[in-house]
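One-letter residues, chain by chain:
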Amino acid sequence: SQQGEEDPQALSIQEGENATMNCSYKTSINNLQWYRQNSGRGLVHLILIRSNEREKHSGRLRVTLDTSKKSSSLLITASRAADTASYFCATAADAGGTSYGKLTFGQGTILTVHP
Amino acid sequence: EAGVAQSPRYKIIEKRQSVAFWCNPISGHATLYWYQQILGQGPKLLIQFQNNGVVDDSQLPKDRFSAERLKGVDSTLKIQPAKLEDSAVYLCASSLDIVGNQPQHFGDGTRLSIL
């Protein structure tokens, strides 16, 4: 079953605008990761935020994590046509027990940035 | 560093036939994953290896799917016999650690079509 649920399912914006994608999850996590997937390609890791962190930045990316609400958001600022892709959140379960830090992916958000 | 290599990129077979996929992870990565990604969904973990041992195969349909990782490096995933619902992209990923604290690196996948 999918752990993360992303919202919106699809997002269409103009170049230069900001894009915000949200992810909700159900169980306790060790960390949450965001990945990008271009059409016909594999997933590329963007950013990892640990359960004891609230915000993280990487270039034009900003990720927030609210463990009390079991939710995360990914903000892409000043978007470019090259940012057009599917974006997935993935949760790594607590390493205790037998989960072995298994990553569970959401359904993804399809982002289209128009030039 | 060289990325995760997968072959073939595309495969078309008829139902009830068998098929095999190959993956070469990033050098030094102990953990290797096989995912199934159905169109419009996020990747679903099929099996996770650490070195040449299986640590999670709970979602692998063992009546038809098998996987091995000889010598803790390359891995093969086999489907025999294939069903129509096996049409998907099969992604291989590797990671330095087992508990999910490091990002996973993905290959570009094998797109399987069942006729």
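See the structure printed just above.
Since the model is a prediction, treat every value here as computed from it, not as a measurement.

Participant: Could you give me a rundown of unusual backbone geometry, with the residues and numbers involved?
Facilitator: With an omega of 0 degrees, the peptide bond running from D7 of chain A to P8 of chain A counts as cis. As for its placement among the helices and strands, P8 of chain A is situated in the loop between β1 (5-7) and β2 (10-14). For the bond from Q80 of chain B to P81 of chain B, the omega torsion is -5 degrees, close enough to zero to count as cis. Within the secondary structure layout, P81 of chain B lies in the loop between β8 (75-79) and β9 (88-95). Despite not being glycine, A78 of chain A shows a phi value in the positive range, around 45 degrees. Note that A78 of chain A resides in the loop between β8 (71-76) and β9 (85-93).

Participant: Describe in detail the pairing of strand β11 (residues 110-114) of chain B, supporting the description with residues and values.
Facilitator: Residue and element names in this part refer to chain B. On β11, burial follows the alternation: T110, L112 and I114 on one face are buried, whereas R111 and S113 on the facing-out side are not. In this sheet, β11 lies alongside strand β2 (residues 10-13) in parallel orientation, the contact comprising four bridges. Across the sheet, residue I12 finds its bridge partner in β11, namely S113.

Participant: Would you mind going over the state of the cysteines in detail, with residue names and values included?
Facilitator: Formally, a disulfide is one covalent bond, and it connects the sulfur atom of one cysteine to the sulfur atom of another. For the structure shown, the criterion picks out two disulfides over all chains. There is a disulfide in this structure between C23 of chain A and C89 of chain A, and the S-S distance comes to 2.0 Å. Taking the torsion about the S-S bond as the criterion, the C23 of chain A to C89 of chain A disulfide, at about 65 degrees, is right-handed. With a gap of 66 residues between them, C23 of chain A in strand β3 (residues 19-24) and C89 of chain A in strand β9 connect regions that are remote in the sequence. Both residues of the pair, C23 of chain A and C89 of chain A, count as buried. Between C23 of chain B and C92 of chain B runs a disulfide, and the two sulfur atoms are separated by 1.9 Å. One quick way to see it: the torsion about the S-S bond of C23 of chain B and C92 of chain B is about -70 degrees, and its sign makes the bridge left-handed. With a gap of 69 residues between them, C23 of chain B in strand β3 (residues 19-24) and C92 of chain B in strand β9 connect regions that are remote in the sequence. Here C23 of chain B and C92 of chain B have matching classes, each one buried.

How each quantity is defined
- Residues numbered from 1 in each chain as written.
- Chains lettered and ligands numbered in written order.
- Predicted model: local features only at pLDDT ≥ 70, side-chain atom pairs only at ≥ 80, totals over all residues.
- Heavy atoms only, no water.
- Helix = DSSP H or I, 4+ residues; strand = E, 2+ residues; numbered from the N terminus.
- Buried < 20%, exposed > 50% of the residue type's maximum accessible area, 1.4 Å probe, protein only.
- Pairing = 2+ DSSP bridges.
- Disulfide = S-S within 2.5 Å.

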